[in-house]
Amino acid sequence: AQSVSQHNHHVILSEAASLELGCNYSYGGTVNLFWYVQYPGQHLQLLLKYFSGDPLVKGIKGFEAEFIKSKFSFNLRKPSVQWSDTAEYFCAVNALGDDKIIFGKGTRLHILP
Amino acid sequence: KAGVTQTPRYLIKTRGQQVTLSCSPISGHRSVSWYQQTPGQGLQFLFEYFSETQRNKGNFPGRFSGRQFSNSRSEMNVSTLELGDSALYLCASSRNGETQYFGPGTRLLVL
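All values derive from a computational prediction rather than experimental measurement.

Engineer: Would you explain the overall build of chain B in this entry?
Structural biologist: Scanning chain B from N- to C-terminus turns up 0 helices and 11 strands. Moving toward the C terminus, one meets the helices and strands of chain B in the order β-β-β-β-β-β-β-β-β-β-β. The C-alpha atoms of chain B give 13 Å as radius of gyration, which agrees with the globular expectation for 111 residues (13 Å, within 12%). When its C-alpha atoms are laid out on the principal axes, chain B stretches across 35 × 25 × 25 Å. Residues counted as buried form 51% of the 111 residues belonging to chain B. For chain B, long-range pairs separated by at least 24 residues make up 54% of all intrachain contacts whose partners lie at least 6 apart in sequence. Of the roughly 5,200 Å² of accessible surface on chain B, a fraction of 48% belongs to carbon and sulfur atoms.

Engineer: I would appreciate a short explanation of the pattern of salt bridges in the present structure.
Structural biologist: Pairing between side chains of opposite charge can happen when their charged atoms approach one another. Residue and element names in this part refer to chain A. Inspection of every chain in the model, using the stated rule, returns 10 salt bridges over all chains. For Glu 64, the salt bridge goes to Arg 77, with nearest N and O atoms at 3.4 Å. Of the two residues, Glu 64 sits in strand β8 (residues 64-68) while Arg 77 sits in strand β9 (residues 73-78), which places them 13 residues apart along the sequence. Residue Glu 64 is classed as buried on the basis of its relative accessible area, which comes to 18%. Taking relative accessible area as the criterion, Arg 77 reaches 23% and is therefore assigned partly exposed. A salt bridge links Glu 66 to Arg 77, with the nearest nitrogen and oxygen atoms 3.3 Å apart.

Engineer: Hey, could you run me through the nonpolar core in this one?
Structural biologist: Side chains that are nonpolar tend, in soluble globular proteins, to be buried together. Counting residues in hydrophobic clusters, the biggest one holds 29 residues, and the most contacted among them are Leu 33, Trp 35, Leu 47, Leu 48, Phe 74, Leu 76 and Tyr 89 of chain A. Listed in part, the 21 residues of the second largest apolar core include Ile 26, Trp 34, Leu 81 and Leu 108 of chain B.

Rules used in this analysis
Residues numbered from 1 in each chain as written. Chains lettered and ligands numbered in written order. Predicted model: local features only at pLDDT ≥ 70, side-chain atom pairs only at ≥ 80, totals over all residues. Heavy atoms only, no water. Helix = DSSP H or I, 4+ residues; strand = E, 2+ residues; numbered from the N terminus. Rg over C-alpha atoms; globule rule 2.2 N^0.38 Å. Buried < 20%, exposed > 50% of the residue type's maximum accessible area, 1.4 Å probe, protein only. Contact = heavy atoms within 4.5 Å. Areas by Shrake-Rupley, 256 points an atom, 1.4 Å probe, with all protein chains shown as cover. Salt bridge = Lys/Arg side-chain N within 4 Å of Asp/Glu carboxyl O. Core = buried A, V, L, I, M, F, W, Y, C linked by side-chain atoms within 4.5 Å.

Spatial relationships are all this shows, so hold off on functional conclusions.
Quick look at the structure:
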């Protein structure tokens, strides 16, 4: 069965700090990988996705993620965070062609102004 | 293009009652998935419908059911509500196995 593990439940950073949120998944086959973000009071939005090709994926708002197949990882990064990045971030995976998405427990990111 | 819409946005029910939630997918999307989001369990997959057929099912009891209509709109039903069913219920749509787009959710409170 697929599973997704997010390393940190809560992260607190100051503005301009660099961010890396860890995500590991468990599945033996081909997967699609996602990072979703949920800003306070808003609904879940897609930040970026990896289906195939270049393992370094760029998303919205300056976020990027790198798929490392050998490590079953898909870590999210941003070189310089802003207060507006305060949100909950979810890593997710689905098997190729399967609409069932398995989500990690989420990481609450709090940026201090 | 309009996003995924869910109705109602908020609902209060009492134990033992049943509830029906509605989801209208993005135009052209034929797949609709439902998720339950709670602080303790996070986001958990309920089921997925494609062309009026349930294609995938999560690990929830039979009190949770759903259906999809010919226009791709979907409903989910929870019967004999329990306190633990209090959650945000999210609907997501996609064309077919591609990126899912989420609605704002229906927040259900069971008293």
